[in-house]
Amino acid sequence: MRNRTSLFPRNVARKVLTAGLLAMALAMPSFARDAAPHGSGFHPYDLDRNDLGRSDGDRFISRAQAVQDLDALADAIDGNSSYITASTFDYRGALARIKTALPERVSVNGLSTQINKFVRLFGDDHALVVGWEKRIPQTGIAVQIGRADARYFLYTESPGGLLDARYPYVRAIDGVPIEEWVRVMGDIGQGPLSSVSARFSRGYRLFPYTNYLRREMGLPETAEVVLDMVSEDGRDSALRRLPVDTPVKAMAAKPFRLSNDSRLLAGNVGYLRVPAHRGELADRFVAQLPEWMRRFKDTDALIIDARQGGGGRRTVLNALFPYFMPANASPYVFNVVKLRQRPENADPTQVFDDPDKQFWYVTDPKAPADERAAYERLTRSFVPAWNPPKDRFTDWYFMALKPSADKPYYGKPVYMLIDWGLGSAGDIFTSAFKGYPGITLVGTATMGRSGQGVEFPLPNSQLEVNLSTMASFQKTGERYDTVGIQPDIPMEPIPGDWYGAGDSVLMRVQALIAARKTSGGN
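Residues numbered from 1 in each chain as written. Predicted model: local features only at pLDDT ≥ 70, side-chain atom pairs only at ≥ 80, totals over all residues. Heavy atoms only, no water.

Asker: Would you explain the overall build of the protein in this entry?
Answerer: From N to C terminus, the protein includes 14 helices and 25 strands. Counting only residues that meet the buried cut, the protein has 57% of its 522 residues in that class. Residue pairs at least 24 apart in sequence account for 77% of intrachain contacts in the protein once pairs closer than 6 positions are excluded. For the protein, the exposed surface amounts to about 22000 Å²; the carbon and sulfur share of it is 52%. Within the protein, one finds 64 positive and 59 negative side-chain charges whose respective centroids are separated by 3 Å. (Helix = DSSP H or I, 4+ residues; strand = E, 2+ residues; numbered from the N terminus. Buried < 20%, exposed > 50% of the residue type's maximum accessible area, 1.4 Å probe, protein only. Contact = heavy atoms within 4.5 Å. Areas by Shrake-Rupley, 256 points an atom, 1.4 Å probe, with all protein chains shown as cover. Lys, Arg positive; Asp, Glu negative; His and termini not counted. Charge placed at Lys NZ, Arg CZ, Asp CG, Glu CD.)

Below, the structure is given as structure tokens:
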């Protein structure tokens, strides 16, 4: 790739770019011309194009079959979606407009992109078409995007480093401001109603799919992209060209290159790494946790690094949290939910029978008296930000955590590192610790996702659409979806952190602990 890139000064590049933009504008559809070069032709509510999906290996169905699928989707939303009434989105009207614009021969890959964008529009952060990213054009640039404060920079994953150390920040791509690219990625990746962190987390993954994004934005799918790059001090800029020829599946590494292992840090500080909430890494964490907490019992402070932990199950939360509860602590209710009234929920006391996710229904006589009392204490001040309609939802469920005799209380200061790579079970994990005595959250906000997703197959396209069926609330009354969990101490990573050159966030937290220890504070 390197020998096909070029970097040339602004005074030479301006003429080239101007000519290119003119040709670009003439080639654009009419709806996009007025927006470029300052914006794009993308709008999240424009859903009528069926030609935006991947073309190679595509399958086609008839218009009548596609309409039947969209009707099935409408019924699935109406009968099962927990968040459709949390917004004013006219989903049946939007589906009617999609139907009207369908061609006689409907691309399944194109229908996937249409439906995927559609289900992002009502604030359900679990909603998506399963495997939709495999149904879009698969070539792009072998570069990833990072964010540092209000600026965006480009870096390579292997080898890890800035794309251009002299001009690290990107101002525009193909003449369109980078902020517009980020907006489009967020609207497609998660939806306009989602939290800033969720939009970036899902949009970040889309950045290498250059030709797909161009297609959505009404930009020409040329063999190269033109990057307008800016120096660190903002005084100098230059243009760089990169080929659009890399299979995106080769670019799958997570940012930051965080270790999966716990250890003892300098200054008698424990470092407990929570790398995941499902799979082998989560299982290993739970198995090794008692030994690590035994080793850390005499440390002066503990850092729990939960960054980029994703989602999955609540096993990690259940195993870890009791270590921070005094032996005489009352049950702690941190999550309350309601479920859509579905045939599967005919007996609401039998829905959550998984010990990993032990909710009690408010009228269940088997609910422990101390946990029920804790729930009743919460309800004295609990006001939900949105009230699910009573005729469509069950009554409340609540989940509580308790001290455990085999988990000795750790009463020293605890600092939890969080970021936009936490969602779903990772959000639940973070919200349980948020505001609990002795715990300080440091970093950037989490995604904000909790919904008990269920997959609904469409009969003809065979696409599967995931929809949330649970309305989930934090103990503060806020939803998880569209909100996320905010840190107590905001702390942004610097560019080098993204590609593994260091970990400034961890270093700063260590310095904070040392300073507070010296001053006698917590």
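Asker: Explanation requested: the sheet that holds strand 23 (residues 464-468) in the structure shown.
Answerer: For sheets, the rule is that strands pair by backbone hydrogen bonds, running either parallel or antiparallel. In spatial order, the strands read 4-23-22; together these three strands make up an open sheet with antiparallel pairing. The sheet is open, and its two borders are formed by strand 4 (128-129) and strand 22 (453-457), each paired with just one other strand. With five bridges connecting them, strand 22 and strand 23 associate as antiparallel partners. The partner of glutamate 455 across the bridge, within strand 23, is asparagine 466. (Pairing = 2+ DSSP bridges.)

Asker: I would appreciate a short explanation of the packing of aromatic side chains in the present structure.
Answerer: How two aromatic rings sit relative to each other is given by the distance of their centres and the angle of their planes. Summed over the entire model, instances satisfying the criterion amount to 34 aromatic pairs. Taking 5.7 Å as the distance between ring centres and 55° as the angle between the ring planes, the aromatic pair formed by phenylalanine 89 and phenylalanine 118 counts as tilted. In this pair, phenylalanine 89 is assigned in the loop between helix 3 (63-80) and helix 4 (91-101) and phenylalanine 118 in helix 5 (residues 108-118), connecting sequence segments 29 residues apart. Centre to centre, the rings of phenylalanine 153 and tyrosine 155 are 6.0 Å apart; their planes meet at 40°, and the pair counts as tilted. Residue class for phenylalanine 153 comes out buried when judged on its relative accessible area of 0%. When its relative accessible area of 1% is taken as the criterion, tyrosine 155 is described as buried. Each residue in the set Phe153, Tyr155, Phe200, Tyr204, Phe256, Trp420, Trp498 and Tyr499 is aromatic and connected to the rest through ring pairs, giving one cluster. Positioned above the aromatic ring of phenylalanine 60, the side-chain terminus of arginine 105 is 3.8 Å from the ring centre. The positively charged end of arginine 340 is found above the aromatic ring belonging to phenylalanine 393, 5.8 Å away from the centroid. (Phe/Tyr/Trp six-rings, centres within 6.5 Å; stacked < 30°, edge-to-face > 60°. Lys NZ or Arg CZ within 6 Å of the ring centre and 35° of its normal.)

Asker: What is the right way to look at the pairing of strand 9 (residues 169-173) in this model?
Answerer: The side chains of a regular strand alternate between the sheet's two faces. Judged by how many residues are buried, strand 9 sits mostly within the fold: four of five residues are covered. As paired elements, strand 9 and strand 11 (residues 224-230) share four bridges and run antiparallel to each other. Across the sheet, the residue bridging to valine 170 is methionine 229, located in strand 11.

Read these as spatial facts, not as claims about activity.
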